[in-house]
Structure formats: C-alpha cells, structure tokens
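Read off the chains here:
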Amino acid sequence: MSTSGTASTAPAQPDCIVDARDVCKSFGPLTVLREVSLQVRRGEVVLVLGPSGSGKSTFLRTLNMLEPIDSGTVSVCGEPLGTRADGRRAAEKQLAVQRRRTGMVFQQFHLFPNMTALDNVAAGPVHVRGQAKAESRDEARELLALVGLADKTDHYPGQLSGGQQQRVAIARALAMRPEIMLFDEPTSALDPEMVNEVLEVLVKLREEGMTMVIVSHEMGFARAAADRVVFMDEGVIVEEAAPSEFFANPRSERARAFLAKIL
Ligand code: ADP
Ligand code: MG
C-alpha cells in the first residue's frame with residue numbers, strides 16, 4: 001500500500017492485483033490525475049471517496065484501459081497495461097486479455113435491452129471468451145442466482161427494476177471471470193429502496209474473496225465492508241486509512257470538510 005513518494009518505487013507485493021504508480025492524466029489544459037499511486041492486494045476492498053470532479057471515475061477508468069494515461073504505469077496482476085514485456089505496445093489480443101482481468105460496473109447499467117437477463121450475462125463468455133453456449137448459460141444461471149435473480153433469467157431489462165438491472169450488470173461482469181471488480185457509483189442512479197439489494201451483492205462478493213475498488217458515497221457500506229478508504233481531491237490521493245480511522249479521525253482538512261458535507 002502506498003500513496004506517493006518513495007514508497008511508489010518499491011517493488012509490488014506478490015499478492016498485488018492493482019499497482020498504479022504516479023498516474024498522470026490531463027484533458028487538454030485540465031489536469032485530472034496528478035501522480036496517483038495505489039496498490040490493491042488480492043481480496044482487498046478499497047473504497048474511493050471524494051468530491052465530484054476530483055478524478056475518481058477517471059482513475060477507475062485508467063485501471064481498465066478505458067482511459068489512456070499521460071504518464072505513470074498501471075499494472076494488473078503484475079502486467080503493465082498496454083505494454084509488452086519488452087516495453088513495446090501490446091497487440092490487440094493481449095490488450096483484450098488484460099482488459100478482461102477487470103470487470104467494471106457503472107452508475108448506468110448499460111445492459112443490452114433486446115436480450116434477456118440470461119443472455120446479457122452469457123453473451124460475453126460466448127462472444128469474447130469463445131466459451132460453449134450451453135456452459136455459458138449454465139454459468140449465467142448460477143451468477144444470476146448469486147445476485148438473487150434466479151427467477152428473472154428470462155426477463156428483459158425493461159421488465160426489471162433499477163436494482164435488478166444493476167445486479168444483472170454485476171453478474172454480467174462476473175461472467176468474464178475478472179481478477180478484480182471496479183464499481184463506479186453503482187447505487188447512485190437507484191431509488192433509495194433499491195440501494196441495499198445492490199450493496200448486499202457487494203458484501204457477498206467480498207465474502208467470496210473478490211478484490212474490489214468501489215467509488216461510492218454509501219457510508220454505512222464503507223464502514224461495514226471496506227478494508228481501506230482512499231480519499232481523493234483535485235486529482236490527488238489526499239489520504240487513505242482504515243474506514244474506522246478515516247471516519248472518526250480524518251487527518252486532512254479537505255477530508256474533514258468533505259465528511260462534514262456528506263455525513
Ligand atoms: P469524479 O468521478 O470524481 O466526479 P471525474 O473523473 O469524472 O471526477 O472528472 C474529473 C474531471 O475531469 C472533471 O473536471 C471532469 O469534468 C473532467 N473530465 C472527465 N472526463 C473528461 C473528458 N472525457 N474530457 C474532458 N474532461 C473530462
Ligand atoms: Mg465519477
């Protein structure tokens with residue numbers, strides 16, 4: 001675990017799933033990430049907090065190569081994203097393998113509207129992984145059961161509530177057998193009564209040992225289910241701590257001001 005400075009040059013621990021070092025990113029004149037470094041161990045649940053516009057989504061997207069970075073490195077499972085061992089740009093096939101190691105769930109569910117829940121979940125393994133259709137559908141059924149939707153396999157997204165759609169989206173990401181799951185405000189678009197059914201799935205995944213980085217402002221969840229809280233502001237990781245420590249005793253003035261607004 002490190003934020004920045006000398007620690008970021010130390011070799012990663014063997015159980016390190018994500019190793020982001022000194023990641024910088026600008027959009028034109030706007031600098032959004034300033035030397036962000038974060039290491040996530042296997043099985044760890046990291047919660048990312050921070051004001052709107054602080055760079056949380058952009059950072060999460062760099063971990064999945066949805067956002068190219070200007071400088072720094074991001075390694076997932078020990079492999080630097082986008083590059084080969086000799087430092088040259090990775091071929092498309094290798095990029096696809098690297099991308100598959102991270103599952104991503106967004107605020108909006110992005111399901112295929114013309115496919116049933118089952119087909120939404122089975123499509124990736126069939127079309128991207130080249131897995132047999134019957135096997136993919138069996139697995140999709142198991143995953144839908146895991147997220148509490150065993151009785152909705154034949155429903156279309158339009159026939160499901162927001163909370164149910166988000167759980168299908170989680171099952172769909174899991175179907176690709178990722179090493180780590182990234183969640184970008186997974187409950188922000190949901191009506192309040194549906195937030196818990198999604199958070200319960202995250203708790204279950206944690207119990208199963210899934211490594212997760214979650215951007216969320218659900219404080220009850222953060223306290224109960226996160227191993228570490230990372231607080232970002234203006235493109236910098238300002239502080240990180242265990243949730244109990246962070247919420248009881250934030251070290252920075254910026255974190256205190258942020259918590260005063262949302263608690
Ligand atoms: P957060 O998720 O913490 O709210 P974001 O990572 O979405 O923050 O955004 C950080 C900053 O980068 C914001 O000022 C946002 O407007 C800007 N930004 C994000 N994506 C783009 C983009 N594709 N082009 C230009 N500016 C962007
Ligand atoms: Mg965001």
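Residues numbered from 1 in each chain as written. Chains lettered and ligands numbered in written order. Predicted model: local features only at pLDDT ≥ 70, side-chain atom pairs only at ≥ 80, totals over all residues. Heavy atoms only, no water.

Structural notes on helix H5 (residues 162-174)
One turn of an α-helix holds 3.6 residues; hence residues three or four places apart share an orientation.
Logical step 1: A rise of 1.5 Å per residue sets the reference length of H5, with its 13 residues, at 18 Å; its end C-alpha atoms lie 18 Å apart and thus fit the reference within 8%.
Logical step 2: Across the 13 residues that make up H5, a large majority, 13, are buried. (Helix = DSSP H or I, 4+ residues; strand = E, 2+ residues; numbered from the N terminus. Expected span 1.5 Å × (residues − 1). Buried < 20%, exposed > 50% of the residue type's maximum accessible area, 1.4 Å probe, protein only.)

So, the site of ligand 1
Logical step 1: All residues adjacent to ligand 1 are Phe27, Leu30, Val32, Pro51, Ser52, Gly53, Ser54, Gly55, Lys56, Ser57 and Thr58.
Logical step 2: Between ligand 1 and Ser57 there is a distance of 2.9 Å, counted from an oxygen atom to a side-chain nitrogen or oxygen.
Logical step 3: Among the secondary structure elements, those contributing two or more residues to the shell around ligand 1 are strand E2 (30-41) and helix H1 (56-62).
Logical step 4: A class-by-class count of the residues in the shell around ligand 1 yields four nonpolar, six polar and one charged. (Near = heavy atom within 4 Å. Polar contact = N/O pair within 3.5 Å; in protein donor to acceptor, adjacent residues only side chain to side chain. Nonpolar A, V, L, I, M, F, W, Y, C, P; charged D, E, K, R; others polar.)

Brief notes about the packing of aromatic side chains
Logical step 1: Enumeration over the complete set of coordinates arrives at three aromatic pairs.
Logical step 2: An angle of 35° between the planes, with centres 6.1 Å apart, marks the rings of Phe231 and Phe246 as tilted. With a gap of 15 residues between them, Phe231 in strand E9 (residues 228-233) and Phe246 in helix H8 (residues 243-248) connect regions that are remote in the sequence. Summarising the burial analysis for this pair, Phe231 and Phe246 share the class buried. (Phe/Tyr/Trp six-rings, centres within 6.5 Å; stacked < 30°, edge-to-face > 60°.)

Describing the UniProt feature "domain: ABC transporter" (unreviewed entry) in the chain
Logical step 1: In the UniProt entry, the feature "domain: ABC transporter" (unreviewed entry) is given for residues 18-259.
Logical step 2: Taken as a whole, residues 18-259 contains 37% helix and 25% strand, while its terminal C-alpha atoms sit 27 Å from one another. (UniProt positions renumbered as here; feature names shortened; annotations may be inferred.)

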